[in-house]
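Residue-level structural notes
For reference, the chains in residue letters:
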Amino acid sequence: MTPFRPALRPALRPLATAVLSLTLAASAWALDDDFDSDNPPAAAAAGGATAARSDPRYVWDLSTLFKDDAAWEAERVALLAEAPQLAALREGFGRDAASLRAALDRLSAVNQRLRRLWTYASAQASTDNRNPRNQERSGQARALGGQLSSATAWVDGAIRALGGERIEAFLRAEPGLARHRVRLQEAQRLARHQLTPEAETALAALAPTMGATTQIRTLLVTTDIDWPTITVDGQPVRVDDIGYQRLRTHPDRTVRQQAFDAFFKTYARFQGSLGAALAQRVELGVANARLRQHASAVAASLAADAIPESVYRTLVTETNKALPTLHRYLKLRQRLLKLPDLAYHDIYPDIVKPPRRYTPEDAAELTLASVAPLGAAYQKQLREALGARTMHVYPAPGKSSGAYQSGIYGQVPLIFLNHQETFASVSTYTHEWGHGMHTLLANGAQPFETAGYPLFLAEIAAFTHELLLADHMQKTAKTREERIFYLGEAIERIRGAFFRQAMFAEFELATHDAVQRGEALSGTRMTRQFCELLRKYHGADAGVTHIDPVVCTEWAFIPHFHRPFYVYQYATSMAAATHFSQQLLTGSDAARNTYLGILRSGGSRHPVPLLKDAGLDMDSPRPYQALVRHMERLMDELEALLQANPA
Ligand SMILES: [Zn+2]
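The rules behind the values
- Residues numbered from 1 in each chain as written.
- Predicted model: local features only at pLDDT ≥ 70, side-chain atom pairs only at ≥ 80, totals over all residues.
- Heavy atoms only, no water.
- Core = buried A, V, L, I, M, F, W, Y, C linked by side-chain atoms within 4.5 Å.
- Buried < 20%, exposed > 50% of the residue type's maximum accessible area, 1.4 Å probe, protein only.
- Helix = DSSP H or I, 4+ residues; strand = E, 2+ residues; numbered from the N terminus.
- Contact = heavy atoms within 4.5 Å.
- Pairing = 2+ DSSP bridges.
- Salt bridge = Lys/Arg side-chain N within 4 Å of Asp/Glu carboxyl O.
- Axes fitted to C-alpha atoms, helices over the stretch in contact; angles between N-to-C directions.
- Parallel < 35°, antiparallel > 145°, perpendicular 65-115°, else oblique.
- Left-handed = near helix turned anticlockwise from the far one by under 90°.
- Nonpolar A, V, L, I, M, F, W, Y, C, P; charged D, E, K, R; others polar.
- Expected span 1.5 Å × (residues − 1).
- Bend = angle between axes of the 7 residues up to and from the residue.
- Phe/Tyr/Trp six-rings, centres within 6.5 Å; stacked < 30°, edge-to-face > 60°.

1. Observations concerning the nonpolar core
In this structure, Tyr267, Tyr312, Trp433, Phe498, Trp555, Phe580 and Tyr595 are the most contacted members of the largest nonpolar core, which totals 151 residues. The element contributing the most residues to this core is helix α22 (residues 480-516), with 18 residues. Not counting residues up to four positions away in its chain, the partners in contact with Tyr595 are Leu374, Ile460, Ala461, Thr464, Phe580 and Leu584. Ala103, Val155, Leu162 and Leu184 belong to the second-largest nonpolar core, a separate cluster that totals 41 residues.

2. Structural notes on the side chain of Thr367
Counting through the fold element by element, Thr367 comes out in helix α17 (residues 360-370). Other than its neighbours up to four places away in sequence, Thr367 contacts Leu382, Tyr429, Thr430 and His465.

3. Comments concerning the pairing of strand β6 (residues 411-416)
In terms of burial, β6 is a largely internal element, 6 of the 6 residues being buried. Of the strand pairs in this sheet, strand β4 (residues 391-392) and β6 are connected by 2 bridges, and their pairing is parallel. Bridged to His392 within β6 is Phe416. Bridging between strand β5 (residues 404-408) and β6 involves 4 bridges; their strand directions are antiparallel. Paired with Tyr404 across the strands is Phe416, a residue of β6.

4. Regarding the pattern of salt bridges
Counted under the stated rule, the structure contains 44 salt bridges. With its nearest N and O atoms 2.8 Å apart, the salt bridge here joins Arg480 to Glu481. Looking at Glu481, the relative accessible area reads 48%, which means it is partly exposed. Measuring nitrogen to oxygen at the nearest pair gives 2.9 Å for the salt bridge that ties Glu637 to Arg483. On the criterion of sequence distance, the pair formed by Glu637 in helix α27 (residues 622-644) and Arg483 in helix α22 is long-range, its members being 154 residues apart. Assessed through its relative accessible area of 28%, Arg483 is described here as partly exposed. Each member of the salt-bridge network shares a partner with another, and the members are Glu75, Glu82, Arg106 and Arg113.

5. Points about the packing of α22 against helix α24 (residues 568-585)
Running from N to C, α22 and α24 point in directions that differ by 135°, and their axes come no closer than 7 Å. Between α22 and α24, the interaxial angle falls into the category oblique. The two elements α22 and α24 meet at a crossing, and its hand is left-handed. Between α22, through Arg493, Ala497, Phe498, Gln501, Ala502 and Ala505, and α24, the contact on the second element is made entirely by Tyr568, Tyr570, Ala571, Met574 and Ala575. Looking at the contact of α22 with α24 residue by residue, the classes come out as 9 nonpolar, 1 polar and 1 charged.

6. Some details on helix α9 (residues 197-210)
Helix length check: α9, at 14 residues, gives a terminal C-alpha distance of 19 Å against a target of 20 Å (1.5 Å per residue), a fit within 8%. By the largest-angle criterion, Ala204 marks the main kink of α9, which is about 30°, and a proline, Pro208, follows within four residues. Across the 14 residues that make up α9, only a small minority, 0, are buried.

7. Here we look at helix α4 (residues 97-127)
For α4, spanning 31 residues, the distance from its first C-alpha to its last is 45 Å, which sits close to the expected 45 Å at 1.5 Å a residue. Of all 31 residues that make up α4, 22 are buried, and the element is covered over most of its length.

8. Considering the side chain of Glu309
Residue position: Glu309 is located in helix α15 (residues 309-321). Not counting residues within four places of it along the chain, the set of residues in contact with Glu309 comprises Ala295, Ser296, Val298, Ala299 and Leu302.

9. Digging into the packing of aromatic side chains
This model, assessed by the stated rule, comprises 35 aromatic pairs. Taking the centre distance of 5.3 Å and the plane angle of 25° together, the rings of Trp227 and Phe263 count as stacked. Linking Trp227 in the loop between α10 (212-224) and β2 (229-232) with Phe263 in helix α12 (residues 253-269), this pair joins segments that are 36 residues apart in sequence. A relative accessible area of 0% places Phe263 in the buried class. Between Tyr244 and Phe263 the ring centres are 4.1 Å apart and the planes differ by 5°, which places this aromatic pair in the stacked class.

The structure is reproduced here in structure tokens:
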């Protein structure tokens, strides 16, 4: 089965890894969307509606998962008792088609129950991290996942040992095996990258030490570094990751500049240790690729979803060709902000004042209206899901930041938000419900074993929702100012989700390629490499954006670099979503059926050929060229509005 590698907040990731190493079919998992750390932190919630926040409409009801904590605990104990029995399945595994089916069915059933158990525990933990019982329950779920993983670590090897011919014969003889076909074939496909059982056991034993680089970075950044404080509007503000993200949108340029200066100078002081930690992560990727006979670290990472390395490299090449479009936007931003020049700290503030505030009810209404191109049945299913009380809407003390969707096979997914009544919150709302509808459609069309979709597809559904919302807002805007606002938001979203993520992707490629050539990495070198990319992407040589060398330690701020070759999927998905949303907006039934077919396919096919059959070749320049044309059109419209009545 294609392992589903979700974007989880670091705190959740170790468990997910443990659960997923069970390697049974993945049901849609929690997706976290603070991918660029660009979601504003939750603490500074918008005013108003405070009394309504404990309203049951805004707090999810987890009793559909487990009646109460006691029921959860009973299930945990029952699942724990399964471990020795799962280990015992090894005896006689695949003796004949019927016994193979029985064993795989059993493993699937346990996996499904484990996911349910973990979903409940993680949902509770993310809404109140301060509650020790929540922490304990997460820990117990994590430990259980580890035990069940250990008990079933033999399964892939046993499948490979059966051999392709025998497996095909079994599939013919036993129709009930069909739901496990993908899992059986994937184990075969990845067989040549497996080491001997002894080597795999040794690596598995070392695995806990291999994740240490993320932990080192997290501890440094959240605990050890003494972040500076600056005075803003008469108040002291600590410029740590959260303070920086808040201040970078500040309307006063001097404040932004001070914040950038204080923040990145602090990272510069720690670039030696942060660089060593990241270099180790890169070296690990290169070593792993060599051991497992992959052409490169990027190829090894992409192999899990059978994505050709050329897809990644095409994205980088095409983004480089598209940089004049980004530079056009940056100049437009300078003009709208009425600045004499543009610096890196001018990229985040709003270009015009937001027209209004948006309640969760507004977000629901706008989302429902904007998905009209997906058809009446889709709208109806979404409307019903929105009424199912599976959302946790407002920020709260102890609640995690960001947003995610957590799929549960057979019921409406959980949607975790930190709604702040901004337009960005509406975008996040529709984004998460894009994931939610993907989960519902895949669950409706696939058995549990192939319902979980790969990340390469996941963000397409979410961004398609966002792009349909952007189109709806532009079309229904009542005033010139509103139109300028929504056009600006749409263009800025493409910068953040496409260009910025592609720049990160290029940085990851550069660091890994350097190690592959036998060169040494260090924090200083990474800062130099990042500087070159920042200058290139933002047109520093052509005078588009001034890049103060102090901001070149930004790489140290991006936690996702410790999860190599992951963020590129935001860029590829934004390109693919641009294609599909434009097709959908033509109103063609064929386009709608093609798109919904992708969502319904879940994880039953590899994503690149699936998209190719749907008319989108991610290995060609076309999706990226289409995105660039779309962004140019939005800028044409924006400029025409400014021309008609100069701002
Ligand atoms: Zn997402």
